[in-house]
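For reference, the chains in residue letters:
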Amino acid sequence: MIEGHGDDIYRYGDLVKTNFSSNIYQHVDLTALKEHLMARFDVVSHYPDPMPTSLEKLIALKEGVSPECVLVTNGVTEAIYLIAELFHGSASVIPQPTFNEYADACRQHRHIISYENNDDLTQLPRDRVYWICNPNNPSGNVLMKGFMDYLVRRSPRYSFVVDQSYEGYTKEPLLIAREMQGVPNLFLLHSLSKTYGVPGLRLGYITAHPNNIQLLRSLRHPWAVSSLAIEAGKFLITQGKPIITDLDAYLQEAERLRNNLRAIEGVRVFETKTSYMLCELESHRAADLKQYLVHKHGILIRDCSNFQGLSHYFFRVSAQGPDENDALVAAIRQYLKENGR
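Below is a summary of the structure that appears in this document. Source: prediction; values computed, not measured.

**Thoughts on the pattern of salt bridges**
Any two side chains of opposite charge can pair, so long as their charged atoms come close to each other.
So, point 1. Applying the stated criterion across every chain, the model contains 13 salt bridges.
So, point 2. Among the salt bridges present, the one from R220 reaches E78, with a minimum N-O distance of 2.8 Å. Of the two residues, R220 is situated in the loop between α9 (210-217) and α10 (227-238) and E78 in helix α3 (residues 75-86); the sequence distance between them amounts to 142 residues. Of the two residues examined, R220 and E78, each falls in the buried class.
So, point 3. Notably, a salt bridge pairs R256 with D326, separated by 3.0 Å at the nearest N-O pair. In this pair, R256 sits in helix α11 (residues 247-262) while D326 sits in helix α13 (residues 322-339), placing the two residues 70 residues apart along the sequence.
So, point 4. Using a relative accessible area of 35% as the deciding quantity, one classes D326 as partly exposed.
So, point 5. If you follow the salt bridges from partner to partner, you end up with E253, R256 and D326 in one network.

**Considerations on the environment of H88**
So, point 1. Tracing the chain through its elements places H88 in the loop between α3 and β3 (91-93).
So, point 2. For the pair H88 and I112, spaced 24 residues apart in sequence, the C-alpha to C-alpha distance is 9.7 Å.
So, point 3. The residues contacting H88, other than those within four sequence positions of it, are H109, R110 and H111.
So, point 4. A distance of 3.2 Å separates the side chain of H88 from the backbone oxygen of H109, its partner in a polar contact.

**Digging into the sheet that holds strand β12 (residues 302-303)**
So, point 1. One open sheet accounts for four strands, arranged β9-β10-β13-β12; its pairing is antiparallel. Each edge of the open sheet carries a strand with a single partner, namely β9 (267-269) and β12.
So, point 2. By the bridge criterion, three bridges tie β9 to strand β10 (residues 276-281) in an arrangement that is antiparallel. Within the sheet, the bridge partner assigned to R268 lies in β10 and is E280.

**Some remarks on the nonpolar core**
The tendency in soluble globular proteins is for nonpolar side chains to be buried as a group.
So, point 1. Within the largest apolar cluster, 35 residues are counted, with the highest numbers of intra-cluster contacts made by L261, L293, I301, F315, V317, L328 and I332.
So, point 2. Counting residues per element, the ones that place at least two in this core are α11, β9, β10, α12 (286-297), β13 (314-318) and α13.
So, point 3. Discounting residues that sit within four places of it in the chain, L328 has contacts with F20, L257, L293, I299, I301 and V317.
So, point 4. Grouped together as the second largest cluster of nonpolar side chains are 25 residues, L71, I80, A208 and I213 included.

Cut-offs applied
Residues numbered from 1 in each chain as written. Predicted model: local features only at pLDDT ≥ 70, side-chain atom pairs only at ≥ 80, totals over all residues. Heavy atoms only, no water. Salt bridge = Lys/Arg side-chain N within 4 Å of Asp/Glu carboxyl O. Helix = DSSP H or I, 4+ residues; strand = E, 2+ residues; numbered from the N terminus. Buried < 20%, exposed > 50% of the residue type's maximum accessible area, 1.4 Å probe, protein only. Contact = heavy atoms within 4.5 Å. Polar contact = N/O pair within 3.5 Å; in protein donor to acceptor, adjacent residues only side chain to side chain. Pairing = 2+ DSSP bridges. Core = buried A, V, L, I, M, F, W, Y, C linked by side-chain atoms within 4.5 Å.

Structure, rendered in structure tokens:
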């Protein structure tokens, strides 16, 4: 993690009352999971399965694929670094702006990186890896399922890593693992952490052709996923519910927030197909707004200046409840009033 994540709530202790910086829905009831883990807490006194096959079998059943098509990882981040290692020294194309971890992993494993610049693309080797975040972070853009399916199948010489970590945060159709399990040039990334609101447990998984999964297994370290995380994953897959129980209502509230932010003079808000949105200040640094909001209002936003291709004017927020969203809008208005538009 060279460039780092944006959700740096750990830096501010008790200052943060409302966290808009994480794209993960904050109003999650984990009571049932907590009770289950407390009842099963004795698992921490034993080594976990070196390869979490029990959880992989449950995920395979849920996804409608063979267990040989599933690899559980220590969050999607481990999945990204494993795939980058698998293609060590390859050429990678990473359309921008997007999640920094793709480029960080590729640099660590000596990839030739193009940010989809036309001049770069003409010089890259024909064998390439394309990294596509869909829904994209930070923009919330979603590429159509039909287009993605066509793109992958018509380009067998290219490998595609399609990160669908935020698949639970959009109504747009996305690639389905059971429909794509026989496609040899596709790696689909999924996040239990984001779907169920448990980022601290670090739970993700890859669905891909069995040959690719076998190669990735040979690269990973044993015991990469803890006993408690495996136990939590098994519970969430069999008994848990996605944290967003009414996605339609949540996306409607996100649209209301987007419209209210757009009504602020000096703030531009981009279109999104998700609950999070990319914003741009006309004449103020996002870092300054961030510090003002956290210290004056207990509100944390995502400064997007470390995304490739974005300036220090960009920030991202993820919709919360109506009262919290209204408080964010009022606080940004107050900041611009106090500091000049």
